[in-house]
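# Residue-level structure breakdown
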Amino acid sequence: MSTIQQSAAEKPSVKRDFYHLIINGEKVESSNGGTIKTYNPATGELVANVAKATKEDAENAVQAARQAFDHGKWRKYPVNKRSRVLNKIASIMRSRFNELVELEILDTGKSLSTAQGQVNQAIEDFEFYAGAIVSHGGRVNALPGQFHNYTEKEPVGVCAQIIPWNYPLMMAAWKIAPAIAVGCSIIVKPASLTPLTAIVLGEICLEAGVPAGVVNIVPGSGSEVGNYLVEHELVDKVAFTGSTPIGKNIMARASQTLKRVTLELGGKSPNIVFADCDMEAAVAGSLYGIFYNTGQSCEARSRLYVHEDIYDEFVNKFVEKTKQLRLGNPFDEGTQVGSIIDQNQLDVIDGFVQSAITDGADILAGGKAAVVAGFENGYWYEPTVIANVNHDMKVVKEEIFGPVVVIMKFKDEKEAVKLANDTEFGLGSAIWTKDGARATRVANQIQAGIVMVNCPFSAMPGTPFGGYKQSGFGRELCIETLDLYTETKSIVSYYGSHPLNPLGV
Ligand code: NAD
Ligand code: MN
């Protein structure tokens, strides 16, 4: 037993038995008293009951957000004051770091180091936007004639922000921080499976001085509460992170009121290993690329392409290391791979693996649900490596969202690029090579929002994150995000000394 695990066991848990909705600055129960039960997927145990928002609650949240935006003070604050509040949110989060980590682990089954990294990043997001907002603004445009044109950035209004279960706190931070930085009011709908940390973040926003109604948190059903927000005429924008099919549905529904829409959707990201790579780094980085967060990651590098000259050596090393990955108590610092979010997702993952077997692929590692001692009632899947596949197979084409990677061989740079781009998605991608010119050449040709070169990381505050093709549109985590929460107003003024009389009247 590690020291971290012992201290976690000795300390009483900080979790509460019940979590409220946050509407108009108040912690409230559901209008009909309904609750969501949220479970720890590592153990199958109940973690807490959470108020389950109804349409009526969603309506109250929209009205509160509208009122706060149209008549409230938040958007009128001097920008440095909003910036200070964002920094305060970050510092309260830091002071409650261990609580946020514990809740995130209990709600998702992710490993300690994974949760710590994500909580840390969520904090840094608020710090990033606290800095970025003070220099965000319009510009002056050079015009012919005696005209002066400047632009201003105005907050877009009330935003519905719908987020998935794989990074509950990080996704909430990616959404909340830029939106409130520019002065928007928001209604966040966390995933029903993982509502806890978004609720606590909402409470922290209030504590830090965000006025009532600016940040509302309404966990509830996607088809009920999510849809209601997407169709509501008083909502100006929808920011969605989730699966591609639901993203398409949301975009279609949002078109009825011509809402602004940003979509961060699914992926099937390629990971290209050239023969001139640093073998150790490529193996380690490719393992992280797929098995981080138990593969439940939008930018999971789930298609691994290896040059034929090093294929056998690389695959041997990769498979050997895959088999050594430690599944176990998520609170144990030695655990490298956490649990799957629920039985449903476990079945989806196994269905993909079974389809690969039926299609004639070879399972080089894993391939079935894992049994983890002491965690027999949780949902676990063995890190899985599949070879002897081709681009017609479901396991190669579709997003699995689990710890499953497919490996294929390529013969030259041109083929690698062709295979990498042969997908409907375009979120992440990675290249492993010591040839800098090759890295640049390949990066230029890849159709994806993110290219990682000799690097397994992509999501750091300041780095634009988002997709090409059916991985969605819009960029988060960066300066550009602020533009997606603002309208640009263009002000043209004439400074000539003679009156303008264009009709000659
Ligand atoms: P999901 O699409 O099932 O659900 C996402 C959210 O949408 C949830 O809050 C859900 O309740 C809500 N929802 C469901 N139906 C809705 C509807 N009809 N109207 C409005 N809201 C609705 O996705 P998930 O299973 O929670 O998350 C996994 C997916 O998220 C994967 O496809 C993954 O790639 C994607 N993802 C993308 C990014 C990114 O930045 N591109 C990041 C994380 C996850
Ligand atoms: Mn949960």
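Residues numbered from 1 in each chain as written. Chains lettered and ligands numbered in written order. Predicted model: local features only at pLDDT ≥ 70, side-chain atom pairs only at ≥ 80, totals over all residues. Heavy atoms only, no water.

## Things to note about the environment of G109
What counts here: Starting at the N terminus, helices and strands are each numbered in turn, a helix being any DSSP run of H or I of at least four residues and a strand any DSSP run of E of at least two. Only protein chains enter the accessibility calculation, which uses a 1.4 Å probe; a residue is then buried when its area is under 20% of its type maximum, exposed when over 50%, and partly exposed in between. Residues count as neighbours in contact if any of their non-hydrogen atoms are within 4.5 Å of one another.
For G109, the position within the fold is in the loop between α4 (97–108) and α5 (112–132). Taking the relative accessible area as the measure of exposure, G109 reaches 0% and is therefore buried. Taking C-alpha positions, G109 is 8.9 Å from Y379, a pair spaced 270 residues apart along the chain. Setting aside residues no more than four positions away along its own chain, G109 makes contact with N40, P41, A42, E104, P330, G338 and S339.

## Observations regarding the packing of helix α10 (residues 279–291) against helix α11 (residues 311–324)
Keep this limit in mind: Axes here mean lines fitted to C-alpha atoms, for a helix over just the part in contact, with angles spanning 0 to 180 degrees between N-to-C directions. The scheme is simple: roughly parallel for angles under 35 degrees, roughly antiparallel for over 145, roughly perpendicular for 65 to 115, oblique for anything else. If you view the pair so one helix is near and one far, a crossing is left-handed when the near helix is turned anticlockwise from the far one by less than a right angle, and right-handed when it is turned clockwise. Each residue gets one of three labels, nonpolar for Ala, Val, Leu, Ile, Met, Phe, Trp, Tyr, Cys and Pro, charged for Asp, Glu, Lys and Arg, and polar for the others, Gly among them.
Closest axis-to-axis distance for the α10/α11 pair is 10 Å, and the angle between their directions is 50°. Judged on the interaxial angle alone, α11 and α10 are oblique. Remark: the crossing between α10 and α11 carries right-handed chirality. Here α10 contributes M279, A282, V283, S286, L287, I290 and F291 to the contact with α11, which in turn contributes E313, F314, K317, F318, K321 and T322. Here the contact of α10 with α11 is composed, by residue class, of eight nonpolar, two polar and three charged.

## Notes on the sheet that holds strand β1 (residues 18–19)
Our working definition: Strands are labelled as partners when DSSP assigns at least two bridges between them.
Taken in spatial order, the three strands line up as β1-β5-β4 in an open sheet, and their pairing is mixed. Each edge of the open sheet carries a strand with a single partner, namely β1 and β4 (35–40). Bridge count between β1 and strand β5 (residues 45–51): two bridges; the pairing is parallel. For F18, the partnering residue across the bridge sits in β5 and is N49. In the packing of α4 onto the sheet, contacts are made with β1, β4 and β5, and the angle to β4 comes to roughly 90°.

## Considering the confidence of the model for the chain
To be explicit about the condition: What pLDDT reports is the predictor's confidence in each residue, on a scale of 0 through 100.
Mean pLDDT over the chain: 96, with 98% of residues reaching 70 or higher. Confidence over residues 1–9 falls short of pLDDT 50; this stretch has 11 contacts with residues more than four positions distant or in other chains.

## What to know about the site of ligand 1
Here is the rule we go by: Think of it this way: one heavy atom of a residue within 4 Å of a molecule or strand is enough to make that residue near it. For this analysis, a polar contact is any N or O atom pair within 3.5 Å, provided that within protein one partner can donate a hydrogen and the other can accept it, and provided that sequence-adjacent residues contribute only side-chain to side-chain pairs. With a 1 Å grid laid over protein atoms only, a set of points is called a cavity when a 1.4 Å probe fits there but cannot get out and a pocket when it is open yet has protein on both sides within 12 Å along at least five of seven lines; lining residues have an atom within 4 Å of a point. Put plainly, a molecule is in a cavity or pocket when over half of its atoms are within 2 Å of the grid points there.
I163, W165, S243, L265 and E399 are the nearest of the 26 residues found near ligand 1. Contact between ligand 1 and G242: an oxygen atom at 3.4 Å from a main-chain N or O atom of the residue. S243 has a polar side-chain atom sitting 2.6 Å from an oxygen atom of ligand 1. In this structure, ligand 1 is accommodated by the largest pocket. Sorting the residues of the shell around ligand 1 by element identifies α8 (222–231), β11 (237–241) and α9 (244–254) as the ones contributing at least two each. Residues that form the shell around ligand 1 fall into these classes: 15 nonpolar, eight polar and three charged.

## Notes on the coordination of the manganese ion (ligand 2)
What counts here: Only nitrogen, oxygen and sulfur atoms qualify as donors, provided they sit within 2.8 Å of the metal or within 3.2 Å for Na, K and Ca; with water excluded from the atoms, sites may seem incomplete.
Note on the manganese ion (ligand 2): its protein donors are T38 (OG1), Y39 (O), D107 (O), D107 (OD) and L193 (O). The metal-donor distances range over 2.3 to 2.6 Å. Each donor residue of the manganese ion (ligand 2) belongs to the same chain, and together they define the spacing T-Y-x67-D-x85-L. Taken together, the positions of Y39 in strand β4 and L193 in the loop between β9 (185–189) and α7 (196–208) put the pair 154 residues apart, joining distant regions of the chain. Accessibility expressed as a relative area gives 40% for Y39, which makes it partly exposed.

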